[in-house]
Amino acid sequence: MNLYRDTTIQVRCDIQGNLTKPIPVYKGVRQGCILAPLLFNLYLNDLSAFISLEAHHSKLAAVSIPLLLYADDAVLLSFSKIGLRQILRAFGGYCEENCLTINYSKTKIMVFSKNQRRSKWTLNGHSLEQVKTFKYLGITFQSSRGWTSQRSAVIQSAKNSAMALVRFFYTRGGQFLPAAMKVFQAKVLPQLLFRIPIWILGFSGALEQVLSAYLRKLFGVSNCVPSAVLRLEAGCHSVECTAWTWALKYWLKLYAGPDSGFLQLVRKDNYTTLWSKSIQEKLLRVGFSSNFLITQDLLRVQQILTRRIKDIDLQYSLSSARTTCSPVSLGLV
């Protein structure tokens, strides 16, 4: 532990770069220190047990899940207003007892319900705002349990990147289509489908339009040319094809992965979510049974499933391309 013996800091005090005299540091860890995550986990190790003393927890396979932790981001869960108030009091007491500072301005309350009645919430005497949307780990959740806000956010982000690529394509990009498509696949598509396995139920044609608009700009064609023709010419699959491929791969990892920890609870839980039901319906539509897939080799199944979805998407594109104003129907492709 010589790294932390006689630790000091200095502060730059003017534009010339002059530093103050060394200031002794008795708390905290160095920036980027590999010990930080371990020490943080050890420090908060008893938080879950402390919160678990309260009632009305969310449950997964009959196991109480009162708390979600990702680094210093904490989510407190409860089925009832009374239960959440109890957990908030317990959490506030824990933080005071362990000298932890809560960022009250960033602490929000979200009630998932059709009835959007607002209530007053406090934590250690500080008022907390009840919100309809909240971004957690990059995903915007809505109290209505919809995905409109998440979809709008990723579409706007992807559009900005796509338009920047189009400008580069016609200026310094040399109008080289293969490179433009590779950059789209590597940069724009991950923005458009950010964490799509979680919100696949929120997929809509609006996401597909981002790719279509990008291809129209690259090819310089009018809106009457079907998007399917543009995808065939560019040699790419639809956004929907990629979205469902990623979502189904995620489902396979969830149900065919290691039988331990959180994954084990997910598999044992008897409640069938709308997300799980939609995944299984999609599997049946592409010709697979979920019960069969989870008993096979994970890597092999992922490859077969990906190939099947892409083949179906290609057939759909070929069929859709044979429409009015289509180069395919005119015999030009």
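In this convention, every chain numbers its residues from 1, walking through the sequence in written order. For this predicted model, a pLDDT threshold of at least 70 governs which residues receive local features, and a threshold of 80 or more governs which side-chain atom pairs are given and counted, while totals over whole chains, interfaces and linings are taken from all residues. Neither water nor hydrogens contribute to the side-chain values; these are computed over all heavy atoms in the structure.

*Asks:* Can you tell me about the side chain of S119, naming the residues and giving the values?
*Replies:* Helix and strand labels come from DSSP, where a helix needs a run of H or I of at least four residues and a strand needs a run of E of at least two; each type is numbered from the N terminus. Here S119 lies in the loop between β7 (108-109) and β8 (121-123). Here the side chain of S119 touches K81 through a polar contact of 3.0 Å, side chain to side chain. By the convention used here, residues are in contact when the closest approach between their heavy atoms is within 4.5 Å. Setting aside its immediate chain neighbours within four residues, S119 contacts K81, R85 and Q130. Any pair of nitrogen or oxygen atoms within 3.5 Å is treated as a polar contact; in protein, a donor-acceptor pairing is required on top of that, and neighbouring residues in sequence qualify only through side-chain atoms on both sides.

*Asks:* Mind laying out the layout of surface pockets, listing which residues take part and the relevant values?
*Replies:* With a 1 Å grid spanning the protein atoms alone, the term cavity applies to any set of points in which a 1.4 Å probe fits but cannot get out, the term pocket to an open set with protein on both sides within 12 Å along at least five of seven lines, and the term lining residue to any residue with an atom within 4 Å of a point. Grid points are joined across faces, edges and corners, and a volume is the space filled by probe spheres set on the points. Reported here for the second largest pocket is a volume of approximately 320 Å³. Taken together, 13 residues make up the lining of the second largest pocket; nearest its centre are S238, E240, C241, D313 and Y316. Of all the secondary-structure elements, those providing two or more residues to the lining of the second largest pocket are α8 (239-256), α10 (274-285) and α12 (298-321). Here the lining of the second largest pocket gets four residues from one element, more than from any other, and that element is α12. Classification convention: Asp, Glu, Lys, Arg as charged; Ala, Val, Leu, Ile, Met, Phe, Trp, Tyr, Cys, Pro as nonpolar; all other residues, Gly among them, as polar. Across the lining of the second largest pocket, the residue classes break down as six nonpolar, one polar and six charged.

*Asks:* Before we move on, can you summarise the pairing of strand β5 (residues 67-70) with the specific residues and values?
*Replies:* With four bridges joining them, β5 and strand β6 (residues 73-76) adopt antiparallel strand pairing. For L68, the partnering residue across the bridge sits in β6 and is V75. What makes two strands pair is DSSP finding at least two bridges between them. The turn joining β5 and β6, which pair antiparallel and follow one another in sequence, is formed by two residues; a positive phi near 55 degrees is taken by A71.

*Asks:* Can you break down the packing of aromatic side chains residue by residue, with the values?
*Replies:* Pairs were defined over the aromatic rings of Phe, Tyr and Trp, the Trp ring being its six-membered one, requiring ring centres within 6.5 Å. Orientation was assigned from the angle between planes: stacked under 30 degrees, edge-to-face over 60, tilted for the rest. Inspection of every chain in the model, using the stated rule, returns five aromatic pairs. An angle of 80 degrees between the planes, with centres 6.1 Å apart, marks the rings of Y250 and W275 as edge-to-face. In this pair, Y250 sits in helix α8 while W275 sits in helix α10, placing the two residues 25 residues apart along the sequence. Only protein chains enter the calculation, and the probe is 1.4 Å; a residue is then buried if its accessible area is under 20% of its type maximum, exposed if over 50%, and partly exposed in between. By relative accessible area, Y250 is classed as partly exposed at 34%.

*Asks:* Any details on the packing of α8 against helix α9 (residues 261-268)? Residues and values, ideally.
*Replies:* Put simply, α8 and α9 touch, their axes get as near as 8 Å, and they point 95 degrees apart. On the basis of the axis angle, α8 is roughly perpendicular to α9. For the pair α8 and α9, contact is made by K253, L254, Y255 and A256 and by L263, V266 and R267, respectively. Along the lines of polarity and charge, the residues of the contact of α8 with α9 split into five nonpolar, no polar and two charged. A fitted line through C-alpha atoms serves as each axis, taken over the contacting stretch for helices, and the angle formed by two N-to-C directions is quoted from 0 to 180°. Should an angle lie under 35 degrees it is considered roughly parallel, over 145 roughly antiparallel, and from 65 to 115 roughly perpendicular; all remaining angles are considered oblique.

*Asks:* Break down unusual backbone geometry for me, citing the residues and quoting the values.
*Replies:* Even without being a glycine, D6 presents a positive backbone phi close to 55 degrees. Relative to the helices and strands, D6 resides in the segment before β1 (8-9). Taking relative accessible area as the criterion, D6 reaches 70% and is therefore assigned exposed.

*Asks:* Describe empty space enclosed by the protein, listing the residues and the values that go with them.
*Replies:* What the rule picks out here adds up to one cavity of 30 Å³ or more. Its boundaries defined by the atoms lining it, the largest cavity holds a volume of some 40 Å³. By residue class, the composition of the lining of the largest cavity is two nonpolar, three polar and two charged.

Keep in mind these values describe shape, not function.
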